[in-house]
Amino acid sequence: MHTVDELNSASLACGLTYGELIQDEEAKKLLILFRTKPTPEHRHCVHQYARRNHLKMVVLDSVQFPEEAN
């Protein structure tokens, strides 16, 4: 598992913002890119980081949240 600081540093290095790269405790080998419509450059940068760290990149680019009930 990588620390939040390590993931945030990788995010910033790839032109992303804090919290857009995450790892789940139950799926430690996955590096999750959580961004709507990431550019090819973002994908490439994150893919390179994942390969260097023996991780598999997963992209979540179309997440829809249910509207809150009033």
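Counting from 1, residues in each chain are numbered in the order their sequence is written. Residue-level local features of this predicted model are given only where pLDDT is at least 70; pairs of side-chain atoms are given and counted only at 80 or more, and the full residue set underlies all totals for whole chains, interfaces and linings. Hydrogens are left out, water is left out, and the side-chain values use all remaining heavy atoms of the structure.

Undergrad: Please clarify how the pattern of salt bridges should be interpreted in this entry.
TA: Take a side-chain nitrogen of Lys or Arg and a carboxyl oxygen of Asp or Glu: if they are within 4 Å of each other, that pair is a salt bridge. Scanning all chains against the criterion turns up 2 salt bridges. In this structure, Arg35 engages Glu20 in a salt bridge whose closest nitrogen and oxygen atoms are separated by 2.8 Å. One end of the pair, Arg35, is in the loop between β2 (27–34) and α2 (40–52); the other, Glu20, is in the loop between α1 (4–13) and β1 (21–24), and 15 residues separate them in sequence. Relative accessible area serves as the criterion here: at 22%, Arg35 is assigned to the partly exposed category. Runs of E in the DSSP output that reach at least two residues are strands. Runs of H or I that reach at least four are helices, and both are numbered from the N terminus. Accessible area is worked out with a 1.4 Å probe on protein chains only. A residue is then buried under 20% of its type maximum, exposed over 50%, and partly exposed in between.

Undergrad: Is there a simple way to think about the side chain of His42 in this case?
TA: Position of His42 relative to the elements: it lies in helix α2. Pairing of N or O atoms within 3.5 Å defines a polar contact, subject to two protein rules: one partner must be a possible hydrogen donor and the other a possible acceptor, and residues neighboring in sequence count only if both atoms are side-chain atoms. Of the polar contacts made by the side chain of His42, one reaches the backbone oxygen of Gly15; its length is 3.4 Å. Here Thr39 takes part through its side chain, which lies 3.0 Å from a polar atom of the side chain of His42. If we skip the residues at most four places from it in the chain, His42 touches Cys14, Gly15, Leu16 and Arg35. Any pair of residues with heavy atoms lying within 4.5 Å of one another is described as a contacting pair.

Undergrad: Is there a simple way to think about the pairing of β1 in this case?
TA: Every regular strand shows the same layout, with side chains that alternate between the two sheet faces. Of the two faces of β1, the one lined by Leu21 and Gln23 is fully buried and the one lined by Ile22 and Asp24 carries no buried residue. One requirement defines pairing of two strands: DSSP has to find at least two bridges between them. The pairing of β1 with β2 spans 3 bridges and is antiparallel. When the sheet's bridge partners are listed, Ile22 is paired in β2 with Ile32. Hairpin geometry of β1 and β2 is characterised by an intervening segment of 2 residues between the two adjacent antiparallel strands.

Undergrad: Which parts of the structure should I look at to understand unusual backbone geometry?
TA: Trans is the common state for peptide bonds, and a negative phi is the common state for residues other than glycine. Here the phi dihedral of Lys37 falls at roughly 50 degrees; this positive angle occurs in a residue that is not glycine. Position of Lys37 relative to the elements: it lies in the loop between β2 and α2. Given a relative accessible area of 70%, Lys37 falls into the exposed group. If you check the backbone angles, His54 has positive phi at about 60 degrees while not being a glycine. With respect to the secondary-structure elements, His54 resides in the loop between α2 and β3 (56–60). When its relative accessible area of 61% is taken as the criterion, His54 is described as exposed.

Bear in mind that shape data such as this cannot, by itself, settle questions of function.
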